[in-house]
Amino acid sequence: MMNQNKLKMMTTKNYKILKTLAVFIFMGCSVLSTQAQIYVDVAATTGANDGSSWSDAYTDLQPALDAAAENAEIRVAAGTYYPTEIPDETPVDSNNKREKAFHFNKDLVLKGSYNPETDTQDFTNRSILSGDIDDDDDVITGSGSTLIIEKNTDNAYHVLITADLTAAAQIEGFMITGGNANGFGSISYIGKTFFKNSSGGMYNYSSSPSIVNMVFHGNATTNNGGAMRNTTFSSPSIVNCVFSENATTNNGGGVYNNTSSSPNIVNTVFSGNLAQLGGGMYNNLSSPSIVNSTFSENSAPTGGGIRNSNSSAPTIYNSVFYGNGVDIENSASSSTTGGNNFSENFTGTGFTALGADPFLDSANPKGADGVWFTTDDGLQPSSASSPITDAGDATKLPSDTSDFDKDEDVTEAIPFDIIGHSRELNASVDAGAFEFDSNVVLSVKEIDSSSLDIYSSGYKTLVIHGVLDAKTTANVYSLQGKLVASKTFNKFSTSNSLDVSMLSTGIYIVKMYNANHQVQTKKLFIQ
């Protein structure tokens, strides 16, 4: 477990919380567990299904959640998983099937998007937690003001319920989709009340887990929080996440924060969500911290980006609001503070007016491949001259306490954006969730590579030859930009190999990098 005393102190209350929570786990760095991993794979139909290995994995997630002891780690293979149990009901009453929800109330490390063959995560091929319990495929059309979600009438009210979790709990690498909280009454779980008309996606009650590398898409509710509701002192850390095309007929299309629930949000996108108040986010008696995040094309008659009410006072830094109608709206008792932000129409202190679209392709936020977290995502800065490029304040980034880049420096700022581009590539950190990088993976540009060599041995093994002066990561990408293999090598090693026997014959991009700027990107034919 990391030493919390090493975290930097911030000058404001919200940023002290941000330092200790939002960075507790970042982009897949896990809390240490003293227990063996538990495995879940919907395709593991021939093994013992006891969770002891990938070949003997559970095929449903809820039995693994029930069996896991406190602080255990659960690894979930890519695939689609549906709720199978109703919280607090034994046995399950099939007549109440819409009350089924994934649920847990103990600190676990829950990690999705695994490839069982390599035991590595690939966030472009996700584990999906779906509320479409009849498996009849929801239909989602439009975005923002034109968003329509259909064929979800019989879906689960909630996809995921959590209660009493601390920052030691981690939920990483899933897509949560298909929840439809349009019911009456409530569900009980460990003595807490979860309303059937709130939060189709994830419902947190007195619960503050670390939520990392997640996508919340196509969830709906008739009351509060299309994708997520945080209530009654729930302040999760939300890092590297996407809330897209979720809807409510009331408050908070993306996220609804209620009653002293103030999440810490970093490198996160709110795109195309729909509500009556607060298309992207609604804050009620809550004051979240928002850093390097992007609100685009969310829609609501009141506060298309964010609506703040009842003495809510969010702090926002290095963030971008565009295409939301009215970007931010405060009630008389609420306020918004911060700096180095950009907005079409919010004129509060710390906000600069945007006269034009600053993004690469805001009409296509997921890019041509239709997948978030890839190099063609449309909400990146449009160019080096975009007004949001180099326009942020790097001092507002949390510390890299979990040492995501493996350079043994936990005092530096978090080094990466939502898709793995380095922060502060140029003069300063960019505003928004994405950092502009003209040297994307598929450009195959080599930098400072004279002392290093990467080649294929001809036996589906990559060899990296040369002295590595820091811990070094080698990533292998398909020509479509999908990460297909990865390995980290130790400092000072001179010859290392990476097994790529699981890959089909073809052309791949290999990118190697470390903190000392030993970088090489090379196109190789692997046979």
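Residues numbered from 1 in each chain as written. Predicted model: local features only at pLDDT ≥ 70, side-chain atom pairs only at ≥ 80, totals over all residues. Heavy atoms only, no water.

### Brief notes about the nonpolar core
In step 1: Within the largest apolar cluster, 50 residues are counted, with the highest numbers of intra-cluster contacts made by Leu 61, Ile 74, Leu 110, Phe 216 and Phe 243.
In step 2: Contributing elements (two or more residues each) for this core: β1 (38-40), α2 (61-67), β2 (73-77), β4 (102-104), β5 (109-115) and β12 (174-177).
In step 3: The contacts of Phe 243, once residues within four sequence positions are left out, are Phe 216, Ala 227, Met 228, Ile 238, Gly 254, Val 255, Thr 268, Val 269, Phe 270, Ser 271 and Asn 273.
In step 4: Grouped together as the second largest cluster of nonpolar side chains are 18 residues, Val 215, Phe 342, Phe 373 and Ala 433 included. (Core = buried A, V, L, I, M, F, W, Y, C linked by side-chain atoms within 4.5 Å. Buried < 20%, exposed > 50% of the residue type's maximum accessible area, 1.4 Å probe, protein only. Helix = DSSP H or I, 4+ residues; strand = E, 2+ residues; numbered from the N terminus. Contact = heavy atoms within 4.5 Å.)

### As for the sheet that holds strand β27 (residues 281-284)
In step 1: With respect to topology, 8 strands assemble into an open sheet ordered β4-β10-β16-β20-β24-β27-β30-β33, the strand pairing being parallel. Lying at the two open borders of the sheet, with one neighbouring strand each, are β4 and β33 (328-330). The sheet shows a mean angle of 10 degrees between the axes of neighbouring strands, direction not considered. (Pairing = 2+ DSSP bridges. Axes fitted to C-alpha atoms, helices over the stretch in contact; angles between N-to-C directions.)

### Regarding the packing of aromatic side chains
In step 1: Taken as a whole and judged by the stated rule, the model has 13 aromatic pairs.
In step 2: Where Phe 270 meets Phe 295, the ring centres are 4.5 Å apart and the plane angle is 5 degrees; that geometry is what we call stacked. On the criterion of sequence distance, the pair formed by Phe 270 in strand β26 (residues 269-271) and Phe 295 in strand β29 (residues 294-296) is long-range, its members being 25 residues apart.
In step 3: The class for Phe 295 is buried, based on a relative accessible area of 0%.
In step 4: With a centroid separation of 6.4 Å and 80 degrees between ring planes, the pair formed by Tyr 322 and Phe 359 is classed as edge-to-face. Highlighted residues: Tyr 322 in strand β32 (residues 320-322) and Phe 359 in the loop between β36 (351-353) and β37 (453-456), separated in sequence by 37 residues.
In step 5: Taking the relative accessible area as the measure of exposure, Tyr 322 reaches 14% and is therefore buried.
In step 6: Connected via pairs of aromatic rings, a cluster forms that spans Phe 216, Phe 243, Phe 270, Phe 295, Phe 321, Phe 346 and Phe 351.
In step 7: One cation-aromatic arrangement involves Lys 396 over Tyr 317; the distance from NZ or CZ to the ring centre is 4.6 Å. (Phe/Tyr/Trp six-rings, centres within 6.5 Å; stacked < 30°, edge-to-face > 60°. Lys NZ or Arg CZ within 6 Å of the ring centre and 35° of its normal.)

### What about the confidence of the model for the protein chain?
In step 1: Residues of the protein chain with pLDDT of at least 70 account for 79%, and the chain-wide mean is 84.
In step 2: Contacts for the low-pLDDT stretch residues 440-451, under 50 throughout, to residues beyond four places or in other chains number 31 contacts. (pLDDT = per-residue confidence, 0-100.)

### A closer look at the pattern of salt bridges
In step 1: Inspection of every chain in the model, using the stated rule, returns 7 salt bridges.
In step 2: Asp 164 is the partner of Lys 192 in a salt bridge, and the nearest nitrogen-oxygen pair spans 3.1 Å. Within this pair, whereas Lys 192 is found in strand β15 (residues 192-195), its partner Asp 164 is found in the loop between β10 (160-163) and β11 (170-172), the two being separated by 28 residues in sequence.
In step 3: Look at Asp 164 and you get partly exposed, because its relative accessible area is 37%.
In step 4: The closest approach of N and O atoms between Arg 423 and Glu 435, which form a salt bridge, is 2.6 Å. Note that Arg 423 is positioned in the loop between β36 and β37 and Glu 435 in the loop between β36 and β37, a separation of 12 residues in sequence. (Salt bridge = Lys/Arg side-chain N within 4 Å of Asp/Glu carboxyl O.)

### Things to note about the sheet that holds strand β23 (residues 247-248)
In step 1: The strand order β13-β19-β23 describes an open sheet built from 3 strands, whose pairing is parallel. Pairing within the sheet leaves two strands with one partner each, and these edge strands are β13 (180-181) and β23.
In step 2: Bridge count for β13 against strand β19 (residues 220-221) is 2 bridges, and the pairing is parallel. Each bridged residue has a counterpart across the sheet, and for Ala 181 the counterpart in β19 is Thr 221.

### Some points on a negative patch on the surface
In step 1: Taken together, the side chains of Glu 297, Glu 344, Asp 357 and Asp 361 make up a negatively charged region of the molecular surface.
In step 2: Within the secondary structure layout, Asp 361 lies in the loop between β36 and β37.
In step 3: Asp 361 sits in the partly exposed class, given a relative accessible area of 33%. (Patch = residues over 30% accessible without salt bridge, like charges linked within 9 Å, V, L, I, M, F, W, Y side chains within 5 Å. Areas by Shrake-Rupley, 256 points an atom, 1.4 Å probe, with all protein chains shown as cover. Lys, Arg positive; Asp, Glu negative; His and termini not counted. Charge placed at Lys NZ, Arg CZ, Asp CG, Glu CD.)

### Examining the pairing of strand β20 (residues 228-231)
In regular strands, side chains alternate between the two faces of the sheet.
In step 1: Going residue by residue along β20, you find Met 228 and Asn 230 tucked away on one face and Arg 229 and Thr 231 tucked away on the opposite face as well.
In step 2: Summarising the sheet, strand β16 (residues 202-205) and β20 pair through 4 bridges and their orientation is parallel. Within β20, the residue paired with Met 202 across the bridge is Met 228.
In step 3: Judged from the 4 bridges that link them, β20 and strand β24 (residues 255-258) form a sheet pairing that is parallel. In the strand pairing of β24, Thr 231 is matched with Asn 258.

### A few points about the pairing of β24
In step 1: Side chains Val 255 and Asn 257 of β24 all project onto a buried face; the interleaved residues Tyr 256 and Asn 258 project onto the opposite face, where all are buried too.
In step 2: In terms of strand pairing, β24 meets β27 through 4 bridges, oriented parallel. From the neighbouring strand, Asn 258 faces β27, where its bridge partner is Asn 284.

### Overview of the environment of Gly 350
In step 1: Residue placement: Gly 350 occurs in the loop between β35 (341-343) and β36.
In step 2: On a C-alpha basis, the gap between Gly 350 and Thr 336 in space is 9.3 Å, while along the polypeptide they are 14 residues apart.
In step 3: Beyond its immediate sequence surroundings of up to four residues, Gly 350 is in contact with Gly 338, Gly 339, Asn 340 and Asn 341.

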